[in-house]
Structure formats: C-alpha cells, structure tokens
Amino acid sequence: MSREMADALDNLPHEDRVRSRKLSGGVATIIADATGLSEAERKALEDELRSAAMNAPGVSEARVALTATQTARTLIAIGSGKGGVGKSTVTANLAVALARAGKKVGVIDADVYGPSQPTLLGNHSKPEGRDDKLLPVEAHGVRFLSLGQLVSPGHALAWRGPMATGALANLIDADWGDTEVLLVDLPPGTGDVQLSLIQRSRPAGAVIVSTPQDLSLIDARRAVDLFNKTSVPILGVIENMATYVCPHCGQASHPFGTGGAEDAAAEMGVPFLGRLPLSLAIREASDAGQPLAAEEEIFAAIAAKLLAAVAH
Ligand SMILES: Nc1ncnc2c1ncn2[C@@H]1O[C@H](COP(=O)(O)OP(=O)(O)OP(=O)(O)O)[C@@H](O)[C@H]1O
Ligand SMILES: [Mg+2]
C-alpha cells in the first residue's frame, strides 16, 4: 500500500470512535466503536463513515464494522401477587429517584389489564418506531414504554395470552439506547405475562410490593414463590400504604396494619427495602403525573438499597 493510500483514510469523521482503518486493493475496512449509541445513531455513524471512505482517493469499496461493549442493562421486575397495592406508583417513583441518583433509567409498563405509566409519568404521547424498533418516550428524565401506548385507550383490556406477551416482547426489544436499569411494572398476579417475561428476558431480580395486611401478604408470597421457582433473585420487598398520618390532627394510624411485609420478608429470607406511608400527597402526585413530588427521601433511600442489592 502506498503512503498516499494509507493517508487516504486519515480524515474520517467521528475520529474518537474509529478503532482501526485499513486500505488494501481499493477496499477500505473501518472498525468503529458504537458503544452507547441508539440504533438510529449507529446507522448514522456507519453511513457517515462509509460515505467518507468512499470519497477518499483510491477507495472503490468500503466496509464498516461497528463494535460495542454491551451496556450491561439490568432488568428489574416489579411485581405483587395482589392488585392495587401500589406497584405502578412505586415503579414510577423509584424510576425517577434512580434517575436523580444519576442512573439511566427506563420503565416498561407491562400491565395488560390497565397500563398506568403514561398517567403516572404524565406523558401520553405515542412512541415512534425506527428500524423496526420502538423509541421510548421520556418524562422526568426516565424513558418509558407502555402497552397502553400501543392501543387506543381501553383496548388493552381485551389482550390476553400470546397477544399480550408478543406486545410485551416489542417493548423489551425496543431501542433502549444506553439505558442501564430497566424497571418492568408487571400486572398483578402470577400469570402468562410474568412467566413469559421471566423466560424471555431473565430479569436480574424482582421487587415485590405489598401492603401490610394478611391478604396482600399471602399473594406476595405467591409472587415470591414464582420468582424463586424460576431462579430470579428477590431483591427485596417494599411495604406500601403502611402508616397513615391524619392531615388534620397529625395522628398516625395503620389502616392495613404495619410491619406485616417486613415480618413476611424476614420469614421468607428476602431483604426488606423500605416502607411507604399511605399518603394523600403520593396519590395526588400520581394522578397529576408528578412522581417524586411526595416522599422523595423515602424513595431515594429505597432506590439506593435497590442498587446495592443489584450490585451483589
Ligand atoms: N403510598 C400510597 N399512598 C396513597 N395512595 C397510594 C399509595 N400507593 C398507591 N396509591 C394509590 O393507590 C392506587 C393503586 O396504586 P397502583 O395503581 O400503583 O397499584 P398497582 O399495584 O399498580 O395496581 P394494579 O394491580 O391495578 O396494577 C392508585 O390510586 C394510587 O395513586
Ligand atoms: Mg399497576
């Protein structure tokens, strides 16, 4: 190869990403590092490198190979046995708390019965598709996709079995870019959707949300059992709607009891991540699409514990 020909590839765009360049027999071979780029950005990088190489003197063919250190994405399932215990509320708030702690966070709303993340996160826009993949929408520094975005309001209720699990696969395989932590807000119970998620995506761990009363805890044990049987580590239990502080007189009461979830966690040998009060402010913030507007400190503490649990 002549000196001129070697120099021909000296002026490529995205120098910081180019790892090697070679010109031989008119064929330019370029290897570039695409770590952290989205699908669309990868394509743009590849196209720009190819056309720059093709414009260089002596090049008749250009081959571009992209490498990437896989972002180790941690998938965390948020489940419960019983419905209405606050999984979705906890997921949205934890996601924003993790984002404020500097993590790149995504949320998948996998609730076939009643997707609620668009409301909780306050963004009802539809995701766009690019290169056959969905692009998550963003709110409060969190990327998210919801089954509810794929159908017109109300229609998700008609989904069951393979249709629901197929749609969920589209959300999981979406263009999550450099997202590090992906929280999956599950529908209540231990059915098809949970099983298909576990089988397809092998979550790094599961978080169980429960209220303190017995009925909820019986169902929480079922959820723990499902994850145990499928070898998904339980990262911890969160007790929700424990103490209620009267906004008028300040007196604390315990509508669903208190401590039940912590005791059950100890009994099952799984970590306890924290306790959230039954609070009007949480409910109002949820309805307003303003997660972390209430009880920010508690959510931040739970988020920190969760990250520590994942790291182990
Ligand atoms: N700590 C809390 N204090 C006050 N209200 C709460 C709290 N947690 C959740 N809620 C309210 O309880 C209701 C149910 O919560 P949420 O939808 O998060 O539960 P879920 O477990 O996801 O329900 P589903 O099983 O239907 O998916 C919502 O109206 C929510 O605003
Ligand atoms: Mg929910």
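An unreviewed UniProt entry annotates the chain as Iron-sulfur cluster carrier protein originating from Sphingomonas limnosediminicola. Under the UniProt heading Sequence similarities (unreviewed entry), the entry covering the chain gives this text: "Belongs to the Mrp/NBP35 ATP-binding proteins family." According to the UniProt record, the Subunit (unreviewed entry) comment for the chain reads "Homodimer."

## Regarding the pairing of strand β9 (residues 142-146)
The buried count for β9 comes to five of five residues, which makes it a mostly enclosed element. Every second residue of β9 is oriented toward a common face, with Val142, Phe144 and Ser146 on one face and Arg143 and Leu145 on the other, all of them buried. Across four bridges, the pairing between strand β5 (residues 105-109) and β9 is parallel. In the strand pairing of β9, isoleucine 108 is matched with leucine 145. Where strand β8 (residues 137-139) folds back on β9, the antiparallel hairpin that results is connected by two residues, among which histidine 140 adopts a positive phi of roughly 55°.

## Some thoughts on the pairing of strand β3 (residues 61-67)
Within a regular strand, side chains alternate between the sheet's two faces. In terms of strand pairing, strand β2 (residues 27-33) meets β3 through seven bridges, oriented parallel. Bridging across to β3, threonine 29 finds its partner in arginine 63. In this view, the connection linking β2 to its parallel neighbour β3 by way of helix α2 (residues 39-55) has right-handed handedness.

## Focus: the environment of valine 181
Along the polypeptide, valine 181 turns up in strand β10 (residues 181-185). According to the C-beta neighbour criterion, valine 181 is buried, with 24 such atoms within 10 Å. C-alpha of valine 181 to C-alpha of threonine 74: the two residues are 107 residues apart in sequence and 4.8 Å apart in space.

## Description of helix α8 (residues 260-268)
Among all positions of α8, only Gly260, Ala261, Ala264 and Ala265 are buried. Here the buried residues of α8 occupy an arc of 135° about the axis, which is enough to place them on one side. Exposed residues lying more than 90 degrees from the buried face of α8 are Ala266 and Glu267. In the stretch just after α8, glycine 269 is the one whose phi turns positive, near 70°.

## Details of the UniProt feature "binding site: ATP" (unreviewed entry) in the chain
In the UniProt entry, the feature "binding site: ATP" (unreviewed entry) is given for Gly81, Lys82, Gly83, Gly84, Val85, Gly86, Lys87 and Ser88. Looking at where glycine 84 falls in the secondary structure, it is placed in the loop between β4 (74-79) and α3 (87-100). Note on glycine 84: 12 C-beta atoms within 10 Å, which makes it exposed. Within the secondary structure, lysine 87 sits in helix α3. We classify lysine 87 as buried; it has 26 C-beta atoms within 10 Å.

## Describing the packing of helix α7 (residues 214-229) against α8
Look at α7 against α8: their axes get within 10 Å of each other, and the N-to-C directions meet at 35°. Crossing geometry of α7 relative to α8 is assigned as right-handed. Contact with α7, carried on its side by Asp214, Leu217, Ala220, Arg221 and Val224, involves Gly260, Ala261, Ala264 and Met268 of α8 and no other residues of that element. Across the contact of α7 with α8, the residue classes tally to six nonpolar, one polar and two charged.

Criteria and cut-off values
Residues numbered from 1 in each chain as written. Chains lettered and ligands numbered in written order. Predicted model: local features only at pLDDT ≥ 70, side-chain atom pairs only at ≥ 80, totals over all residues. UniProt positions renumbered as here; feature names shortened; annotations may be inferred. Buried ≥ 20, exposed ≤ 12 C-beta atoms within 10 Å, placed from the backbone. Helix = DSSP H or I, 4+ residues; strand = E, 2+ residues; numbered from the N terminus. Pairing = 2+ DSSP bridges. Right-handed = clockwise from strand over helix to strand, strands pointing away. Arc of directions from axis to C-beta. Axes fitted to C-alpha atoms, helices over the stretch in contact; angles between N-to-C directions. Left-handed = near helix turned anticlockwise from the far one by under 90°. Contact = placed C-beta atoms within 7 Å. Nonpolar A, V, L, I, M, F, W, Y, C, P; charged D, E, K, R; others polar.

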